[in-house]
Amino acid sequence: MKTVFVVEDDGSIAELIAYALRGGGFAVETFADGECLLAALADTLPDLLLLDIMLPGLDGLSVLRRVRDSARTAALPVILLTAKSSEYDKVVGLDCGADDYIAKPFGVMELLARVKALLRRTGGTRTDDALTLGALALDPAAHTVTADGEPLALTLKEFELLRCLLEHRGQVMTRDNLLQAVWGYEFEGETRTVDVHIGTLRQKLGAHAGLVETVRGVGYRVGT
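What you see is a predicted model, and the numbers here were worked out from it, not measured in a lab.

Chemist: I would appreciate a short explanation of the pairing of strand E3 (residues 48-52) in the present structure.
Modeler: As a general feature of sheets, a regular strand has side chains that alternate between the two faces. Of all five residues in E3, five are buried, a share of seventy percent or more. Along E3, one buried face is formed by Leu-48, Leu-50 and Asp-52 and the opposite face, lined by Leu-49 and Leu-51, is buried too. Note: strand E1 (residues 3-7) against E3, four bridges, orientation parallel. Residue pairing for E3: Val-4 is matched across the bridge by Leu-48. Sheet topology note: the E3/strand E4 (residues 78-82) ladder contains four bridges and is parallel. Bridge pairing in E4 places Leu-51 opposite Leu-80. Following the chain from E3 across helix H3 (residues 60-69) to the adjacent parallel E4, one finds a crossover that is right-handed.

Here it is, written out as structure tokens:
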């Protein structure tokens, strides 16, 4: 049974979400603030995190940054929950490392569908064969990336972007292609989030950043 951690300070909403998820076959733990969640993550890793942005004390985006900055939780699938629905807030959340975004109010069926879709994507149905390019090696089965034999701590989105580019080595992948392949569906008008994630990926690749080429006006590729 998959486990979902829910961080929501409104008790009635948290109870409703937990009820819906349990009805959908998930184990659920709820937390009223980010500090309690972070303490729990030190001991237990769930399969997915539902995280409200507007939280008392440590806000949801700050919690998300800490989750992504830790090697232990960097690849944890995260869906943001928030009353904010503007494109700016949505982009900020995605750029901070969220895998999906649901604006309140939302329907229970939509919530379940998003959770199941994200778990399908992160569960991985593609080949688990290792992917290499020069001194760079990505192991889908172990979910690891090394450069010159040294491990790189990538977020889930950075990992999936690199994996997608390596799987299509030599091909130019447009930003829309990458949004569809990595995020699972298109975020209209938000292709800049691909550029942001490519930027952070290159930073972590260090001396090997040049392996991810920009094809001006089109997108990105690795290899030739």
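Let's pick the thread back up.
Chemist: Is there a simple way to think about the pattern of salt bridges in this case?
Modeler: Evaluation of the coordinates by the stated rule reveals ten salt bridges. One salt bridge connects Glu-8 with Lys-104, and the closest N-O pair in it is separated by 2.7 Å. Remark: Lys-104 occurs in the loop between strand E5 (100-103) and helix H5 (108-123) and Glu-8 occurs in the loop between E1 and helix H1 (11-23); sequence separation between them is 96 residues. Linked through salt bridges whose partners overlap, the residues forming this network are Glu-8, Asp-52 and Lys-104.

Chemist: How do you make sense of the layout of surface pockets when you look at a structure like this?
Modeler: Over the atoms, a rolled probe matching the size of one water molecule traces out where space is still vacant. A volume near 520 Å³ is recorded for the largest pocket. Elements with a minimum of two residues in the lining of the largest pocket: H5, strand E8 (144-147) and helix H6 (156-167). Per-element tally for the lining of the largest pocket: the top contributor is H5, with three residues. Per-class residue counts for the lining of the largest pocket are 15 nonpolar, four polar and three charged. Taken as a whole, the second largest pocket holds about 210 Å³ of empty space.

Chemist: Help me out: how do you make sense of H6 in this one?
Modeler: Two residues of an α-helix separated by three or four positions point the same way, owing to the 3.6 residues in each turn. For H6, with twelve residues, the first-to-last C-alpha span of 16 Å sits near the 16 Å given by 1.5 Å per residue. The buried fraction of H6 is high, at eleven of twelve residues. Buried within H6 are the following residues: Leu-156, Lys-157, Glu-158, Phe-159, Glu-160, Leu-161, Leu-162, Arg-163, Cys-164, Leu-165 and Leu-166.

Chemist: Would you take a moment to explain the nonpolar core for this structure?
Modeler: One recurring pattern in soluble globular proteins is that nonpolar side chains are buried together. Ranked by internal contacts, the top residues of the largest apolar core, which has 48 residues, are Leu-49 and Leu-51. Not counting chain neighbours up to four residues away, the residues in contact with Leu-51 comprise Val-7, Gly-60, Val-63, Leu-64, Val-78, Ile-79, Leu-80 and Leu-81. Of all hydrophobic cores here, the second largest spans 17 residues; its members include Ala-18, Leu-21, Leu-112 and Leu-118.

Quick notes on the rules
- All residue numbers refer to position in the chain's written sequence, counted from 1.
- Under the rules for a predicted model, residues below a pLDDT of 70 receive no local features and side-chain atom pairs below 80 are neither given nor counted, while totals for whole chains, interfaces and linings still include all residues.
- Each side-chain value is derived from all of the structure's non-hydrogen atoms; neither hydrogens nor water enter the calculation.
- Accessible area is worked out with a 1.4 Å probe on protein chains only. A residue is then buried under 20% of its type maximum, exposed over 50%, and partly exposed in between.
- Elements are defined by DSSP. Helices are runs of H or I of four residues or more, strands are runs of E of two residues or more, and each kind is numbered from the N terminus.
- DSSP calls a pair of strands paired once it identifies at least 2 bridges connecting them.
- For crossovers, right-handed means that the path from the first strand over the helix to the second runs clockwise, given strands pointing away from the viewer.
- We define a salt bridge as a side-chain nitrogen of Lys or Arg found within 4 Å of a carboxyl oxygen belonging to Asp or Glu.
- Both site types are read off a 1 Å grid over the protein atoms alone. A 1.4 Å probe that fits but cannot get out defines a cavity, while an open set with protein on both sides within 12 Å along at least five of seven lines defines a pocket; lining residues have an atom within 4 Å of a point.
- Grid points are joined across faces, edges and corners, and a volume is the space filled by probe spheres set on the points.
- Note on residue categories: nonpolar means Ala, Val, Leu, Ile, Met, Phe, Trp, Tyr, Cys or Pro, charged means Asp, Glu, Lys or Arg, and polar means any other residue, Gly included.
- Expected span, for any helix, means 1.5 Å times one less than how many residues it has.
- Note on terminology: a nonpolar core comprises buried Ala, Val, Leu, Ile, Met, Phe, Trp, Tyr and Cys residues joined through side-chain atoms within 4.5 Å.
- Whether two residues are in contact is decided by their heavy atoms, any of which lying within 4.5 Å being enough.

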